[in-house]
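As a plain string of letters, each chain reads:
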Amino acid sequence: MNTEYLKGKRAAYYTFGCKLNFSETSTIAKQLADVGVCAVKKGEKADICIINSCSVTEVADKKCRQAIHKIVRENPDAYIVVTGCYGQLKPAEVAAIPGVDIVLGQDMKGSVLENLNELIKRDSGIYKTIKAKDIKNFVHSCSKGNRTRYFLKVQDGCDYYCTYCTIPFARGHSRNPSIESLVAEAEQVVEEGGREIVITGVNIGDFGKSNGETFFDLIKALDKVEGIARYRISSIEPNLLTDEIIEFVANSRAFMPHFHIPLQSGSNDVLKLMHRRYERELFADKVRKIKELMPHAFIGVDVIVGTRGETAEYFEDAYSFIKSLDVTQLHVFSYSERPGTAALRIDHKVSAADKHLRSQRLLELSDEKTNAFYTSFIGTEAEVLVERPARGKPANGFTANYIKVEMDANLVEENNLLRVRLGNFNEKGDALVATVL
C-alpha cells in the first residue's frame, strides 16, 4: 500500500477505558509512526486525531461524546478517527457528531492506517462508518506507548454475558492467537529493551478457546522468555484463576505476586442476579490460596455497587464480606443502565444517592486496606522498576508486589531495576518514598 499521503502528518492520540484500549492505541500509534506519522508535540496542531473510545457505562459514553466534541473544536482542520467500544456499539451516533471522519468498530482497529490513508488520499471530508456485526478477527497488540511497561494483548472478547454488561456486544466472542505468536511478541519486547510485560485481554483466563491451548500453558511458555524480568497478570475471573496458576506464579521465575480479580459483588444473591459464574466462597478461597503461598501479594478487586436488585440488606451483606477479605485495593464502579442488557428486567432500581453512598463507603474501605498494606512494608527492601519520569517531578516505579514508589529522579534511570529501601508515604499519600541502595 502506498502511504505517501500519511507521511509527515502529525497525530494526537486519545484513549478512554481499560488497559487493553491503551495497548491497542499504542499499537495504532506504532503502525502510523512506521509510515512517517509523528506524534504531535505540545503547542502543535494535529493533522490526525485518533480517539479510542469506551462504552462500559453510560457515563463512559457521555465522557467519550463530550471529548469527541472538544477534540473536534480544538482541531477543526484535523481528520478525526473514532474506534473502540463506543464506535462499535453506537456507530451512527458517533458518526453523526460534526467533524468525525471515520468510525471503526472493534474488528477494524487493525485497519486504521488503511482507512485513514484512503480518506486523506480522497480528501473527501465525509465520514465512513464501518461496523463489524460479527467480530471474528483477533487484532494483535503489544506496545508500551509512553510507558516503561509493555502491554501484551493475549485474548479478546467475552462469552459470559453477565446481565449488566455490554462488552460481549462491543468486543465479540472470546478469541485468541497462538502461544507461539505471543512468545514471539514477548521476544520482540526483549529486542526493544523491555523488562516488564502486563498480560491483558477482556477475559484472559478464557485463553485457548480458539485453538485448544490454555492460559496455564501460555504463562509457562512466557516465563521461559529470557530477558523479560517481570510479568503481571491483568484482570482474571476468579473461576478461571486455578490453583495451578496461583502455585505457578508463587514459584515462577518472572511472574509477580500481583493479582487483579473481579468480584463485582460480595453478596451471593446479587452475584446470581448478575449471572456471575461463581459464589463468594470460591472468591474467598482464591484469596486465601494466594495469601497462603504469597503473603506479600497485592490483590486488587473490582466491585460494582447499585446494580438492579441490590437491596440495602444485600449491600450490607456484601460490604461485610469484602471487609473480611485480605485484599489490597478495591476498584469501585457504580452500576449504569445499558440498553439491551438483561439487568433491565430485574426489579428494584437503586437510587443515584444510594449508589453514591455505597460507593463512598467501599472507597473508604479500600483506602484503609491499601494504607495498611503499604504501611506493613515501610522499612523493608524491595526491587523497583523505574518508570519514565515526568519532567520536573520525582521518578516513580513499582515493587514486585505493586507498591508505588517515589524516588529522586536525578539518581535513577528509566527501565532500570533498582534495590531500594521503602520509607514513609509521600505528601499525596499515594506512594512510599524510597532510598536507592
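Quick look at the structure, then. For clarity, every value in this text was computed on a predicted model and none was experimentally measured. (Residues numbered from 1 in each chain as written. Predicted model: local features only at pLDDT ≥ 70, side-chain atom pairs only at ≥ 80, totals over all residues. Heavy atoms only, no water.)

1. Things to note about the pairing of strand 16 (residues 404-407)
So, step 1. Across four bridges, the pairing between strand 15 (residues 395-399) and strand 16 is antiparallel. Looking at strand 16, one finds that A395 is bridged to M407.
So, step 2. Between strand 15 and the antiparallel strand that follows it, strand 16, lie four residues; Y402 among them carries a positive phi value of about 65 degrees.
So, step 3. Here strand 16 pairs with strand 18 (residues 432-436) via two bridges, running parallel. Note on strand 18: the bridge partner recorded for V405 is L432. (Pairing = 2+ DSSP bridges. Helix = DSSP H or I, 4+ residues; strand = E, 2+ residues; numbered from the N terminus.)

2. Notes on the sheet that holds strand 16
So, step 1. Pairing is mixed around the closed barrel formed by five strands, whose spatial order is 14-15-16-18-17. Neighbour-to-neighbour, the strand axes of the sheet open up by a mean angle of 50 degrees, direction not taken into account. (Axes fitted to C-alpha atoms, helices over the stretch in contact; angles between N-to-C directions.)

3. So, the sheet that holds strand 13 (residues 329-334)
So, step 1. If you trace the three strands from one edge of the open sheet to the other, you get 11-12-13, paired in parallel fashion. The sheet is open, and its two borders are formed by strand 11 (258-264) and strand 13, each paired with just one other strand. Adjacent strand axes in the sheet meet at a mean angle of 20 degrees when their direction is disregarded.
So, step 2. Pairing of strand 11 with strand 12 (residues 298-305) involves six bridges; the strand directions are parallel. Across the sheet, the residue bridging to H258 is F298, located in strand 12.
So, step 3. Across the sheet, helix 11 (residues 280-293) touches strand 11 and strand 12, and the angle it forms with strand 11 is around 165 degrees. (Contact = heavy atoms within 4.5 Å.)

4. A closer look at the environment of V301
So, step 1. One can find V301 in strand 12.
So, step 2. Since its relative accessible area comes to 1%, V301 is described here as buried.
So, step 3. Spatially, the C-alpha atoms of V301 and P262 are 5.3 Å apart, while their sequence positions differ by 39 residues.
So, step 4. The residues contacting V301, other than those within four sequence positions of it, are I261, L263, F283, V327, Q329, L330 and H331. (Buried < 20%, exposed > 50% of the residue type's maximum accessible area, 1.4 Å probe, protein only.)

5. Concerning the nonpolar core
So, step 1. The biggest cluster of nonpolar side chains holds 68 residues, and the ones touching the most others in it are F215, Y231 and L362.
So, step 2. Excluding anything up to four places from it in sequence, L362 contacts V303, V305, F315, Y319, I322, L330 and V332. (Core = buried A, V, L, I, M, F, W, Y, C linked by side-chain atoms within 4.5 Å.)

6. Looking at the packing of aromatic side chains
In this description, an aromatic ring pair is defined by two values, namely the gap between the centres and the angle between the planes.
So, step 1. The full count for this structure, using the stated rule, is ten aromatic pairs.
So, step 2. Judged by centre distance (6.2 Å) and plane angle (45 degrees), the ring pair of F315 and Y319 falls under tilted. Of the two residues, F315 and Y319 both sit in helix 12 (residues 312-324), four residues apart, roughly one turn of that helix.
So, step 3. One aromatic cluster in this structure is built from F298, F373, F377, F398 and Y402.
So, step 4. Here the basic side chain of R277 rests over the ring of Y160, its NZ or CZ set 3.9 Å away from the ring centre.
So, step 5. Taking the ring centre of Y319 as reference, the NZ or CZ of R361 above it sits at 4.3 Å. (Phe/Tyr/Trp six-rings, centres within 6.5 Å; stacked < 30°, edge-to-face > 60°. Lys NZ or Arg CZ within 6 Å of the ring centre and 35° of its normal.)

7. Observations concerning the pattern of salt bridges
So, step 1. Under the criterion given, the structure shown has 32 salt bridges.
So, step 2. Residue D243 is joined to K286 by a salt bridge in which the shortest nitrogen-to-oxygen separation is 3.5 Å. One end of the pair, D243, is in helix 9 (residues 243-251); the other, K286, is in helix 11, with 43 residues separating them in the sequence.
So, step 3. Residue R280 is joined to D317 by a salt bridge in which the shortest nitrogen-to-oxygen separation is 3.1 Å. Of this pair, R280 sits in helix 11 while D317 is found in helix 12, placing the two residues 37 residues apart along the sequence.
So, step 4. Exposure remark for R280: the relative accessible area of 18% places this residue in the buried category.
So, step 5. Connected through salt bridges with shared partners, the residues E24, K153, D156, R171 and R175 form a single ionic network. (Salt bridge = Lys/Arg side-chain N within 4 Å of Asp/Glu carboxyl O.)

8. Things to note about the packing of helix 9 against helix 11
So, step 1. Packing of helix 9 against helix 11 leaves a shortest axis separation of 10 Å and a crossing angle of 20 degrees. Relative to helix 11, helix 9 is oriented roughly parallel. By crossing handedness, the relation of helix 9 to helix 11 is classed as right-handed. In this structure, helix 9 contributes D243, I246, E247 and A250 to the contact, and helix 11 contributes K286, K289, I290 and L293. (Parallel < 35°, antiparallel > 145°, perpendicular 65-115°, else oblique. Left-handed = near helix turned anticlockwise from the far one by under 90°.)

9. Details of the side chain of N52
So, step 1. Its place among the elements puts N52 in strand 3 (residues 48-53).
So, step 2. Judged by its relative accessible area of 0%, N52 is buried.
So, step 3. A distance of 3.1 Å separates the side chain of N52 from the backbone oxygen of N21, its partner in a polar contact. (Polar contact = N/O pair within 3.5 Å; in protein donor to acceptor, adjacent residues only side chain to side chain.)

10. What about the environment of D156?
So, step 1. Positionally, D156 belongs in the loop between strand 8 (150-153) and helix 6 (167-171).
So, step 2. Relative accessible area serves as the criterion here: at 3%, D156 is assigned to the buried category.
So, step 3. A C-alpha to C-alpha distance of 7.7 Å links D156 and I204, two positions 48 residues apart in sequence.
So, step 4. Beyond its immediate sequence surroundings of up to four residues, D156 is in contact with L20, E24, F138, R171, H173, S174, R175 and V202.
So, step 5. At 3.3 Å, the side chain of D156 and the side chain of R171 are in polar contact.

11. Observations concerning the state of the cysteines
So, step 1. Across all of its chains, the model carries zero disulfides by this definition.
So, step 2. Take C162: it sits in no disulfide, and the sulfur closest to it among the cysteines is that of C165, at 6.3 Å.
So, step 3. Under the relative-accessibility criterion, C165 is labelled buried at 18%. (Disulfide = S-S within 2.5 Å.)

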